[in-house]
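Spelled out, the chains give:
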Amino acid sequence: MTDQTAPPAQSTARPSPARHRLKILSYNVHSCIGTDRRLDPGRVAEVIAAVEPDVIGLQELDVGRSRTGGIDQAHAIASLLQMEFHFHAALNVAEERYGDAILTALPARMVKGAGLPSHGEQRGALWVEIDVGEHKLQVFNTHLGLLGSDRMRQIGEILGPAWIAAPACQGKPTILIGDFNAIPLTATYRTVARQMGDAPRLTGMKAGATFPSRFPLLRIDHVFVSSDITPVETRVVSTPLSRQASDHLPLLVTVEL
């Protein structure tokens, strides 16, 4: 007797892309000078290591500056965390540099680092592409100015065709990290929130204040995400060590791609 059972039909449906969960950290490290006035990049690295982030945006890093002992703070912190880093100097004075960095152990490449329009202290931003499975995650890190007029010009630049609206960024998951010097009531914050999601608020959890670190009152450090990224958890890292290591507290957001 011959088995007449037909073989099962082959499914033509494409498998869903794998979900990837990442911890994103934004941290203004205040040149690694703590609230106790002690200079200690190792302490900053310890604060970061305790929460095990995958992608880190750091602001206010000194590189080769005499005021902080000539240390390359971006390199020092990345080495302690066993990560690679990309640094952009918003301010260059002779051999001294001051700016922002993105750190990760994932495969990454620098796309762009440049200054932003500034009438007050010079500010900048950097853009790094990170490989996360099949995704090409676009990560932007910035530190906006103290003047409201500067911040509006700067955020307009970052959201515009030279940065986030660039063709190379379109259709790809995007994260904007930084110290915006702007609380949610400001025009700067509202401008970003019209185009991207405020990650802490999207988790449905309370979005905590990050500054000043000893008695945090202001929510000025932010993580914004594109619509294809799902924030799932958020917290301000408030520990005895983090309250000493810098005048800002780190903001940690867990997301899924």
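One can find the structure itself at the top, above this paragraph.
Residues numbered from 1 in each chain as written. Predicted model: local features only at pLDDT ≥ 70, side-chain atom pairs only at ≥ 80, totals over all residues. Heavy atoms only, no water.

Enquirer: Help me get a handle on the packing of aromatic side chains, residues and values and all.
Expert: Evaluation of the coordinates by the stated rule reveals four aromatic pairs. Judged by centre distance (5.7 Å) and plane angle (55 degrees), the ring pair of Y189 and F224 falls under tilted. Separated by 35 residues along the polypeptide, Y189 in helix 4 (residues 187-193) and F224 in strand 10 (residues 221-225) bring together distant segments of the chain. Using a relative accessible area of 6% as the deciding quantity, one classes Y189 as buried. The class for F224 is buried, based on a relative accessible area of 0%. Put simply, the rings of W127, F140 and W163 pair up and form one aromatic cluster. (Phe/Tyr/Trp six-rings, centres within 6.5 Å; stacked < 30°, edge-to-face > 60°. Helix = DSSP H or I, 4+ residues; strand = E, 2+ residues; numbered from the N terminus. Buried < 20%, exposed > 50% of the residue type's maximum accessible area, 1.4 Å probe, protein only.)

Enquirer: Lay out the pattern of salt bridges with the relevant residues and their values.
Expert: A complete count under the given rule lists 14 salt bridges for this structure. The salt bridge partner of K136 is D131, with a shortest N-O separation of 2.7 Å. You can call D131 partly exposed: its relative accessible area is 28%. One connected set of salt bridges, linked through shared partners, spans D36, R38, D40 and R43. (Salt bridge = Lys/Arg side-chain N within 4 Å of Asp/Glu carboxyl O.)

Enquirer: I'd like to hear about the sheet that holds strand 10, residue by residue, with values.
Expert: Judged by pairing direction, the sheet is mixed, and its six strands sit side by side in the order 5-6-7-8-10-9 without closing on themselves. Edge positions in the open sheet fall to strand 5 (108-116) and strand 9 (197-198), since each of these has one partner strand only. Bridge analysis of strand 8 (residues 174-179) against strand 10 gives five bridges, and the strand direction is antiparallel. Within the sheet, the bridge partner assigned to D179 lies in strand 10 and is D221. Lying on the sheet, helix 3 (residues 148-159) is in contact with strand 5, strand 6 (123-132), strand 7 (135-143) and strand 8; it crosses strand 5 at an angle near 145 degrees. (Pairing = 2+ DSSP bridges. Contact = heavy atoms within 4.5 Å. Axes fitted to C-alpha atoms, helices over the stretch in contact; angles between N-to-C directions.)

Enquirer: Outline the sheet that holds strand 2 (residues 55-63), listing residues and values.
Expert: Ordered in space as 3-4-2-1-12-11, the six strands form an open sheet in which the pairing is mixed. In this open sheet, the two edge strands, each paired with only one partner strand, are strand 3 (84-93) and strand 11 (230-236). Neighbour-to-neighbour, the strand axes of this sheet turn through a mean angle of 20 degrees, independent of strand direction. Sheet strands in contact with helix 1 (residues 41-49) are strand 1 (21-28) and strand 2, and its direction is about 150 degrees off that of strand 1. Contacting strand 2, strand 3 and strand 4 (96-104), helix 2 (residues 73-81) crosses the sheet at an angle of about 140 degrees to strand 2.

Enquirer: Got a sec to walk through helix 1? Specific residues and values, please.
Expert: Taken together, the buried positions of helix 1 are occupied by P41, R43, V44, A45, V47 and I48. In this structure, the buried side of helix 1 is in contact with strand 1, strand 2, helix 2 and helix 6 (242-245). Sitting at the amino-terminal end of helix 1 is D40, which places a side-chain oxygen 3.1 Å from the backbone nitrogen of G42. (Polar contact = N/O pair within 3.5 Å; in protein donor to acceptor, adjacent residues only side chain to side chain.)

Enquirer: Report on the pairing of strand 7, specifying residues and quantitative values.
Expert: If a strand is regular, its side chains alternate between the two faces of the sheet. Judged by how many residues are buried, strand 7 sits mostly within the fold: eight of nine residues are covered. Relative to strand 7, strand 6 is paired through eight bridges, and the arrangement is antiparallel. Each bridged residue has a counterpart across the sheet, and for W127 the counterpart in strand 7 is F140. Remark: the strand 7/helix 3/strand 8 crossover connection has right-handed handedness. (Right-handed = clockwise from strand over helix to strand, strands pointing away.)

Enquirer: Can you lay out unusual backbone geometry for me, pointing to particular residues and giving the numbers?
Expert: A cis geometry characterises the amide bond from F211 onward to P212, with omega recorded as -10 degrees. Within the element layout of this structure, P212 appears in the loop between helix 5 (199-202) and strand 10. The phi dihedral of H30 is positive, around 55 degrees, even though this residue is not glycine. Within the secondary structure, H30 is located in the loop between strand 1 and helix 1. Residue H30 is classed as partly exposed on the basis of its relative accessible area, which comes to 27%. One non-glycine residue with positive phi stands out, namely E52, at about 50 degrees.

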